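Here are the chains, one letter per residue:
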Amino acid sequence: MRRLVLFAALGLAATALALALATSSGARPERTTLRFQPFARGFASPVYVGAPRSQPGRLYVVEQAGRILLLVNGKRR
């Protein structure tokens, strides 16, 4: 779970950097409040999360041991 949070934090940092670079005119972008909320538990060591566009509502979580778990609408299958 900690790695999943780490990936989310890295994604947020990349988004913030992209927004900072996009405002080349010096104007300040509007403030946005973000809140992190856990949506799944029970993973041993998640290292990757994938969300295929062709399968809305599904997330594939890859654990370090090589196991792939499926989440459908936030519930583990």
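Residues numbered from 1 in each chain as written. Predicted model: local features only at pLDDT ≥ 70, side-chain atom pairs only at ≥ 80, totals over all residues. Heavy atoms only, no water.

Peer 1: Is there a simple way to think about the overall build of the protein chain in this case?
Peer 2: In terms of helices and strands, the protein chain carries one helix and four strands. Mapped in sequence order, the helices and strands of the protein chain form the string α-β-β-β-β. Within the protein chain, the fraction of its 77 residues that count as buried is 14%. A sequence separation of at least 24 residues applies to 32% of the contacts in the protein chain between residues at least 6 apart. Here the protein chain displays about 6600 Å² of accessible surface, and carbon together with sulfur accounts for 57% of that area. (Helix = DSSP H or I, 4+ residues; strand = E, 2+ residues; numbered from the N terminus. Buried < 20%, exposed > 50% of the residue type's maximum accessible area, 1.4 Å probe, protein only. Contact = heavy atoms within 4.5 Å. Areas by Shrake-Rupley, 256 points an atom, 1.4 Å probe, with all protein chains shown as cover.)

Peer 1: Is there a simple way to think about the pattern of salt bridges in this case?
Peer 2: Should their charged atoms come close, side chains of opposite charge can pair. As enumerated under the stated definition, the model contains one salt bridge in all. The residue Arg67 makes a salt bridge to Glu63 at a minimum N-O spacing of 2.6 Å. Looking at Arg67, the relative accessible area reads 44%, which means it is partly exposed. A residue is classified by how much of its surface remains accessible, and Glu63, at 3% relative accessible area, is buried. (Salt bridge = Lys/Arg side-chain N within 4 Å of Asp/Glu carboxyl O.)

Peer 1: How should the sheet that holds strand β1 (residues 46–50) be read in this particular structure?
Peer 2: Hydrogen bonds between backbone groups are what pair the strands of a sheet, and the pairing can be parallel or antiparallel. Across the sheet, four strands lie side by side as β1-β2-β3-β4; this open sheet has antiparallel pairing. Of all the strands in the sheet, the pair left with one neighbour each is β1 and β4 (75–76). Bridge count for strand β3 (residues 68–72) against β4 is two bridges, and the pairing is antiparallel. Directly across from Val72, in β4, lies its bridge partner Lys75. (Pairing = 2+ DSSP bridges.)

Peer 1: What's the story with unusual backbone geometry in this structure? I'm lost.
Peer 2: Glycine aside, the phi torsion of most residues is negative, and most peptide linkages are trans. Phi is positive for Asn73, which is not a glycine, with a value near 50 degrees. Within the secondary structure, Asn73 is located in the loop between β3 and β4. For Asn73, a relative accessible area of 62% corresponds to the exposed category.

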